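Here's the letter readout for the chains.
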Amino acid sequence: MTPLIIDTDPGVDDALALALAVASPEVELIGVTTVFGNVSLENTTRNALRLLALLGRDDVPVAVGAARPLVHPHPHLSSAHGSDGLSGYAHTLPEPTRGPDARDAVTLLRELLEQADRPVTIVPIGPLTNIALLLAAHPHVKPKIGRLVVMGGGVEGGNITASAEFNVWSDPEAARRVLVEEDVPTTLVPMDLTRRCAVSAQWLADLAKTSPTAAALVGLTPDYLETYRRFLGWDGMAVHDAIAVAEAVRPGIVRTTAFPVDVDCSFGPGRGALLVDRRLEAAGPKTLDIALDADLDGMRAFLFDRLGALGG
Ligand code: BDR
Ligand code: CA
């Protein structure tokens with residue numbers, strides 16, 4: 001089993017991503033770290049604790065991370081996930097019987113990596129602030145990271161601005177540090193692919209029938225579904241973060257291509273955009289493995305099989 005850490009800002013799709021990790025025997029979820037993002041740090045932390053309670057994994061430490069980006073004084077939260085980050089239904093989840101870990105996120109990440117006897121996969125599915133701080137403060141743990149599987153960025157455009165995807169835009173300096181300036185093996189799962197792997201409202205309704213746990217997860221989706229209906233005219237939703245966890249659980253489920261990349265950290269209209277150089281002659285100091293393709297129906301079937309097998 002591969003040890004797995006999820007750095008997250010739950011978030012409706014983060015909730016499904018956490019559930020997928022718990023439902024997957026190939027990985028051992030050894031820690032969860034929280035970050036501001038979809039909603040405030042207070043809410044993302046509370047949501048992570050509640051979700052792990054729902055999933056019967058109160059044994060997994062949840063450590064509190066960054067409340068704001070590295071440079072910007074204030075986080076810009078998302079409106080896509082409802083008032084509490086879970087479509088206004090966080091209160092339907094079990095009340096956690098514990099609080100967060102006494103250690104902050106960077107300390108927990110450092111200690112878990114130092115103690116690991118095998119390479120650890122880290123899946124950042126929110127702003128990259130915690131990971132940038134970890135790599136800057138504790139570079140000695142880098143060899144213990146087998147791989148980062150990051151959900152973030154848009155190759156053909158964005159979702160929070162015309163050019164920027166939410167996770168990268170939320171903290172571009174952190175994203176640049178992690179995706180461009182560091183040398184940790186990284187797979188980037190951008191919104192181009194995660195949107196193509198979207199699930200339908202019927203898929204969710206069918207999933208809800210499989211168990212009370214699955215029904216509780218599907219019960220968190222109404223506001224998020226409504227966002228997709230309103231802005232894209234979809235009768236379904238992207239499960240962005242779950243696609244990154246799928247790749248962590250089953251390496252190769254997405255198909256990657258290496259491209260030189262950069263992140264726009266200017267304060268102009270392109271701020272937070274992922275710059276992917278797809279010119280044939282392009283040569284950059286750093287290339288990133290970017291997931292641009294997958295067996296889309298196979299991915300949806302994989303997610304359904306795993307989430308549909310959740311106990312309870
Ligand atoms: C990313 O932004 C968040 O709203 C989602 O949880 C996902 O991590 C998609 O752009
Ligand atoms: Ca997220």
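Model, not experiment: these values are computed from the prediction. (Residues numbered from 1 in each chain as written. Chains lettered and ligands numbered in written order. Predicted model: local features only at pLDDT ≥ 70, side-chain atom pairs only at ≥ 80, totals over all residues. Heavy atoms only, no water.)

Caption draft 1: How the structure looks around the coordination of the calcium ion (ligand 2). Within the protein, the atoms that donate to the calcium ion (ligand 2) are D9 (OD), D14 (OD), D14 (OD), I125 (O) and D241 (OD), at distances of 2.3 to 2.6 Å. All donors of the calcium ion (ligand 2) come from a single chain, and their spacing in sequence reads D-x4-D-x110-I-x115-D. With I125 in the loop between β4 (120-124) and α4 (129-137) and D241 in helix α11 (residues 240-249), this residue pair connects regions lying 116 residues apart in the sequence. Residue class for D241 comes out buried when judged on its relative accessible area of 2%. (Donors = N, O, S within 2.8 Å, 3.2 Å for Na, K, Ca; no water. Helix = DSSP H or I, 4+ residues; strand = E, 2+ residues; numbered from the N terminus. Buried < 20%, exposed > 50% of the residue type's maximum accessible area, 1.4 Å probe, protein only.)

Caption draft 2: Focus on the nonpolar core. Judged by nonpolar contacts, the single largest core of 66 residues is most densely connected at I6, V123, L217, M237 and L303. Looking at this core, the element that brings in the most residues is helix α1 (residues 12-22), giving 9 residues. Excluding anything up to four places from it in sequence, V123 contacts L4, I5, I6, D7, V149, A244, V245 and A248. Counting residues in hydrophobic clusters, the runner-up holds 37 residues, among them A63, L112, L113 and L135. (Core = buried A, V, L, I, M, F, W, Y, C linked by side-chain atoms within 4.5 Å. Contact = heavy atoms within 4.5 Å.)

Caption draft 3: Summary view of the side chain of N167. Structurally, N167 is set in helix α5 (residues 166-170). Reaching out from N167, the side chain makes a polar contact with the backbone oxygen of M151 at a distance of 2.9 Å. When near neighbours in sequence (up to four residues on either side) are disregarded, N167 contacts D9, I125, G126, P127, L128, M151, G152 and D241. (Polar contact = N/O pair within 3.5 Å; in protein donor to acceptor, adjacent residues only side chain to side chain.)

Caption draft 4: Layout of the packing of aromatic side chains. Summed over the entire model, instances satisfying the criterion amount to 4 aromatic pairs. Measuring from centroid to centroid gives 5.1 Å for Y224 and Y228, while their planes differ by 80°, and the two rings are edge-to-face. In this pair, Y224 and Y228 are both assigned in helix α10 (residues 222-232), 4 residues apart and thus about one turn of the helix distant. You'll find Y224 and Y228 in the same group, each marked buried. Note on Y228 and W234: the rings are 5.2 Å apart at their centroids and 20° apart in plane angle, and the pair reads as stacked. You can call W234 partly exposed: its relative accessible area is 26%. (Phe/Tyr/Trp six-rings, centres within 6.5 Å; stacked < 30°, edge-to-face > 60°.)

Caption draft 5: Here's a closer look at the environment of V64. Tracing the sequence through the fold places V64 in strand β3 (residues 62-64). For V64, a relative accessible area of 28% translates into the label partly exposed. Separated by 235 residues in the primary sequence, V64 and M299 place their C-alpha atoms 31 Å from one another. Those residues within four positions of V64 in sequence are excluded, and the remaining contacts are T34, L41, T45, P100, R103, D104 and A105.

Caption draft 6: Molecular detail of helix α8 (residues 201-208). Restricting attention to buried positions, one finds in α8 the residues W203, L204 and L207. For α8, the angular spread of buried residues about the axis comes to 95°, placing them on one side. The secondary structure elements touched by the buried residues of α8 are β7 (199-200), α9 (212-218), α10, β8 (236-237) and α12 (296-307). (Arc of directions from axis to C-beta.)

Caption draft 7: Summary view of the environment of G126. Structurally, G126 can be placed in the loop between β4 and α4. For the pair G126 and A23, spaced 103 residues apart in sequence, the C-alpha to C-alpha distance is 21 Å. Residues contacting G126, with those up to four places away along its chain left out, are D7, D9, V35 and N167.

Caption draft 8: Representation of the site of ligand 1 in the model. The immediate surroundings of ligand 1 are formed by D13, D14, N38, H81, I125, M151, N159, E165, F166, N167, H240 and D241. Measuring from an oxygen atom of ligand 1, one finds a side-chain N or O atom of E165 at 2.4 Å. Between ligand 1 and D241 there is a distance of 2.6 Å, counted from an oxygen atom to a side-chain nitrogen or oxygen. Contact with the protein chains covers 96% of the free accessible surface of ligand 1, which is 280 Å². The cavity that encloses ligand 1 is the largest pocket. If you list the elements that add at least two residues to the shell around ligand 1, you get α1, α5 and α11. Taken together, the residues of the shell around ligand 1 break down into 3 nonpolar, 5 polar and 4 charged. (Near = heavy atom within 4 Å. Areas by Shrake-Rupley, 256 points an atom, 1.4 Å probe, with all protein chains shown as cover. 1 Å grid on protein atoms, 1.4 Å probe; cavity = no way out; pocket = protein on both sides within 12 Å on 5 of 7 lines; lining within 4 Å. Sits in = over half its atoms within 2 Å of the grid points. Nonpolar A, V, L, I, M, F, W, Y, C, P; charged D, E, K, R; others polar.)

That's the geometry; what it means functionally is another story.
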